[in-house]
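Breakdown of the fold
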Amino acid sequence: MERLFQSSMDEVDRLVGLDDEEKQLLQDADAAADELLVSEFEKYVERKYNPEIANVLRRHNLMGVPIDKEHGGRGARQLVEALFLERMGQTGMGVITLADVHMCLGSLAVQDWGNEEQKARYLPAAAKGDVLFAYGLTEPEAGSDPGSLKTSYARDGDGFRLSGSKYLISNGSVATNMLVFARPEGAARGVTAFLVDTKQEGFKVDMRLEEKMGLFTSDTSLISLDGAFVPREDVLGEEGKGLSVAYSALLNGRIGIASGCLGVMEDCLNQVRERVTSRVQHGKEIARHQLIQKHVAYIESSLEACRWLVYRAAMKKDEYEKSPGTLSVRTDGDRLSAVAKYVSSRCAFESADRAVQCFGGFGYSIMSPVAKHFLDSRVARIYEGTDEIMELKIASSVLGRGFEAYR
Ligand SMILES: Cc1cc2nc3c(=O)[nH]c(=O)nc-3n(C[C@H](O)[C@H](O)[C@H](O)COP(=O)(O)OP(=O)(O)OC[C@H]3O[C@@H](n4cnc5c(N)ncnc54)[C@H](O)[C@@H]3O)c2cc1C
């Protein structure tokens, strides 16, 4: 098994201008993606979490891609992070889920919101992969509406005790630290973000959620917090401002998921190209039938169109990093990351569906590579903001805040 196609380094270089370190990073990504292909497929067939994802990323020094160099990371700008995740996405959304949650939701939240002491404590370890992050926003009764979350905290000496339940948590049973959002006990407002050490009695993995329709190689768990202790120094950002931390992390995460979806489309295109040019029906390669070419054209056009959306969202995020606090740039970044995630996740799923169609009966077998993308990519339309929430967000960004339909 091999990856059939990689976006050429020269082409990417011409487009965005890469320095030598950035080229090296993308070469490392290619090497890691090649190395992951076999274990990813084997674990998918066994329907099991793939521990090799983190191991391979660690071996290639890819656990801290967006973390500043001064904190041990590779200091990649958002655009290069997107190019890195695009390459990793060819191996599937299981790999992207671990990488996105650890880097875009966890590490970048600490980098963006942490104080110097927190950054020094967490980021070098996260860059090495000794710290693996999970992100705990969703609860059994609070999904699209995180403002209704019930996990609560109370003061206890030099810290806080957290109680509640977090549902559908990626990396939940394998993370060393989880970013948890909770509100003060008995209060309706004032969510705070906490960095919770998972190696303590009060942190319990109730269940690994293995009855998923896909994404088997990613760990998804139900977590309960039963008086989990968090020292005061592990509050991330200001007390009461946790939803700002949560939403800004999601802005980073959505660009990551959209980038992974580009890789899914690339792999679908490559797999389809190989299959339709070798499979013969009605006396000729099926690639010569015009209706098959229609599917190829769809996947290729989706990929090229989505590349622009993803790179543009990433470039806007880079612009924001240069002038943090500029509200118009931040708002544009939020809108563009929602557009990139909304369109790319739909196109990736539709591309996987068309790839299954091109493969015919073999496409319907779980042993076909495109079936894995079909099963795995569906989640990208649900997590980190569903299609509908993205639509509402995009529409209100056009119509104005007064028209926010989900307030
Ligand atoms: C495999 C997997 C991994 C995940 N990983 C994580 C993780 O690591 N951390 C984490 O915190 N969460 C995670 N999630 C949770 C995910 O973010 C939520 O499932 C998602 O936000 C939707 O919430 P919900 O499932 O409660 O659906 P609901 O909010 O109940 O929504 C159900 C439906 O109603 C629609 N809907 C809801 N409100 C509105 C509205 N106002 N207007 C129109 N339509 C609306 C939704 O779009 C959806 O179609 C994961 C989910 C999955 C499946």
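Just so we're clear, the structure is a prediction, and the values are computed from it rather than from any experiment. (Residues numbered from 1 in each chain as written. Predicted model: local features only at pLDDT ≥ 70, side-chain atom pairs only at ≥ 80, totals over all residues.)

Domain annotation for the protein chain reports domain 1 (9-132), domain 2 (134-236) and domain 3 (242-402). Taken together, the contact pairs 13 residues of domain 2 with eleven residues of domain 3. A breakdown of the residues in the side of domain 2 that touches domain 3 according to their chemical character gives nine nonpolar, four polar and no charged. (Domains from an automatic or database assignment. Contact = placed C-beta atoms within 7 Å. Nonpolar A, V, L, I, M, F, W, Y, C, P; charged D, E, K, R; others polar.)

Attention shifts here to the environment of P51. By the element assignment, P51 lies in the loop between α2 (20-46) and α3 (52-59). Accessibility expressed as a C-beta count within 10 Å gives 14 for P51, which makes it partly exposed. With 167 residues separating them along the chain, P51 and S218 place their C-alpha atoms 8.9 Å apart. (Helix = DSSP H or I, 4+ residues; strand = E, 2+ residues; numbered from the N terminus. Buried ≥ 20, exposed ≤ 12 C-beta atoms within 10 Å, placed from the backbone.)

Attention now moves to the pairing of strand β4 (residues 177-184). When you tally the buried positions in β4, you get seven out of eight residues, the bulk of the element. Pairing geometry for strand β1 (residues 133-136) and β4, over four bridges, is parallel. Residue pairing across strands places Y135 opposite L179, the latter belonging to β4. The sheet contact formed by β4 and strand β5 (residues 192-197) spans six bridges and is antiparallel. Residue pairing in the sheet places L179 in a bridge with L195 of β5. (Pairing = 2+ DSSP bridges.)

Between two packed helices, both the angle of their axes relative to each other and the distance between the axes serve to describe the pair. Close contact between helix α5 (residues 93-113) and helix α6 (residues 116-128) brings their axes to 9 Å; oriented N to C, the two are set at 150°. Relative to α6, the element α5 is oriented roughly antiparallel. As for the relative orientation of α5 and α6, their crossing is left-handed in sense. Taking contact as the criterion, the partners of G106, S107, V110 and Q111 in α5 are, on α6, Q118, K119, Y122, L123 and A126. Here the contact of α5 with α6 is composed, by residue class, of four nonpolar, four polar and one charged. (Axes fitted to C-alpha atoms, helices over the stretch in contact; angles between N-to-C directions. Parallel < 35°, antiparallel > 145°, perpendicular 65-115°, else oblique. Left-handed = near helix turned anticlockwise from the far one by under 90°.)

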